[in-house]
Amino acid sequence: LNTPWPKSRGLVAALEAELASADSEDRLVDGLFGALADTTEAADEALPDTGLDRGRERQLSARRIVDPRYGTRSSTVLIIREDGQARLDELSYAADGELRGRVTRAWQLAGSLLPA
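Residues numbered from 1 in each chain as written. Predicted model: local features only at pLDDT ≥ 70, side-chain atom pairs only at ≥ 80, totals over all residues. Heavy atoms only, no water.

1. Points about the packing of aromatic side chains
In plain terms, the rule: Paired rings are identified among Phe, Tyr and Trp, the last through its six-membered ring, by centres lying within 6.5 Å, and are further divided according to the angle between planes into stacked (under 30 degrees), edge-to-face (over 60) and tilted (the rest). A ring has a charge above it when a Lys NZ or an Arg CZ is no more than 6 Å from the ring centre and no more than 35 degrees off the ring normal.
The tally for this structure, following the rule as stated, stands at zero aromatic pairs. The ring of Trp-5 has Lys-7 lying over it, and the distance from NZ or CZ to the ring centre is 5.4 Å.

2. Brief notes about the confidence of the model for the protein
Which entries qualify depends on this criterion: Confidence scores per residue from the predictor, reported as pLDDT, run from 0 to 100. Runs of H or I in DSSP of at least four residues are treated as helices and runs of E of at least two as strands, each being numbered from the N terminus.
Here the protein averages 91 in pLDDT, while 92% of its residues score no lower than 70. Put simply, helix H3 (residues 54–60) is where the protein has its lowest mean pLDDT, 91, and strand S2 (residues 85–93) is where it has its highest, 97.

3. Some words on the pairing of strand S1 (residues 74–80)
Heads up, the rule is: The buried label goes to any residue with under 20% of its type's maximum accessible area, the exposed label to any with over 50%, and the partly exposed label to all in between, with areas taken from a 1.4 Å probe on protein chains only. Strands qualify as paired when DSSP identifies two bridges or more between them.
Only one face of S1 is buried, namely the one carrying Ser-75, Val-77 and Ile-79, since none of Ser-74, Thr-76, Leu-78 and Ile-80 on the opposite face is buried. Relative to S2, S1 runs antiparallel, the two sharing seven bridges. Its bridge partner being in S2, Ile-80 is matched across the sheet by Ala-86. If you look at the hairpin formed by S1 and S2, you'll find four residues sitting between the two strands, and Gly-84 has a positive phi there, around 90°.

4. What to know about the pattern of salt bridges
Keep this limit in mind: For this analysis, a salt bridge means a side-chain nitrogen from Lys or Arg found within 4 Å of a carboxyl oxygen belonging to Asp or Glu.
Using the criterion set out here, one finds twelve salt bridges in the structure. Between Asp-23 and Arg-27 there is a salt bridge; the shortest N-O distance is 2.8 Å. Of the charged contacts in the structure, one is a salt bridge between Glu-25 and Arg-87, with a shortest N-O distance of 3.4 Å. One end of the pair, Glu-25, is in helix H2 (residues 25–36); the other, Arg-87, is in strand S2, and 62 residues separate them in sequence. Taken together, the shared-partner salt bridges in this structure form one network comprising Glu-25, Asp-26, Asp-30, Arg-81, Asp-83, Arg-87, Asp-89 and Arg-102.

5. Digging into H2
Short version of the rule: Given a helix with a known number of residues, its expected span is that number minus one, times 1.5 Å. Contacts were defined at the residue level, with two residues in contact if any of their heavy atoms lie within 4.5 Å.
Taking 1.5 Å per residue, twelve residues should reach 16 Å; H2 reaches 16 Å between its end C-alpha atoms and fits that length. Residues of H2 that are buried sit in contact with helix H1 (6–21), S1, S2 and strand S3 (99–108).

6. A short note on a nonpolar patch on the surface
Selection criterion: Patches here: salt-bridge-free residues with over 30% relative accessible area, like charges joined within 9 Å, nonpolar side chains (Val, Leu, Ile, Met, Phe, Trp, Tyr) joined within 5 Å. Method for areas: the Shrake-Rupley scheme with a 1.4 Å probe, in which residue coverage is limited to the protein chains shown.
A contiguous nonpolar patch, built from Leu-78, Ile-80 and Trp-107 and spanning about 280 Å² of accessible area, is present on the exposed surface. Its location among the elements puts Ile-80 in strand S1. Since its relative accessible area comes to 44%, Ile-80 is described here as partly exposed.

7. Some details on the packing of H1 against H2
The cut-off we apply is this: Interaxial angles span 0 to 180 degrees and are taken between N-to-C directions of axes, which are lines fitted to C-alpha atoms, for helices over the stretch in contact. Note on angle classes: values under 35 degrees are labelled roughly parallel, values over 145 roughly antiparallel, values of 65 to 115 roughly perpendicular, and the remainder oblique. We call a crossing left-handed when the near helix sits turned anticlockwise from the far one by less than a right angle, and right-handed when that turn is clockwise. Think of it as three bins: nonpolar holds Ala, Val, Leu, Ile, Met, Phe, Trp, Tyr, Cys and Pro, charged holds Asp, Glu, Lys and Arg, and polar takes everything else, Gly as well.
Following both chains from N to C, one finds H1 and H2 inclined at 165°, their axes separated by 10 Å at the closest point. Classified by the angle between their axes, H1 and H2 sit roughly antiparallel to one another. Judged by the twist between their axes, the crossing of H1 over H2 is right-handed. Side by side, H1 and H2 meet where Leu-11, Ala-14, Leu-15, Glu-18 and Leu-19 of the first sit next to Arg-27, Leu-28, Gly-31, Leu-32, Ala-35 and Leu-36 of the second. When its residues are assigned to classes, the contact of H1 with H2 shows eight nonpolar, one polar and two charged.

Below is the structure:
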């Protein structure tokens, strides 16, 4: 999250905004998936120099990459509450970028995360 990539900086800002505004856990999860689904590519002047050609760097600058050879195949949101309740949601994508499925799991961690 501390890398200079525009997608990392934008995702941190989106995470902070969603944490501040979501009024339920379901809305938080949906908002975070929305942030992860952004396929907007960064402008060339905002791209770091990774040694790749500019076209490839631009493609990789999106939070969600849609490409049959190298693309986002899943997005995961993990929430762990102070009371030890945990929830994991994951979306999976096909090579063409189409949503393939969603998995949601919830469980109770042993003990509380709050200091005694």
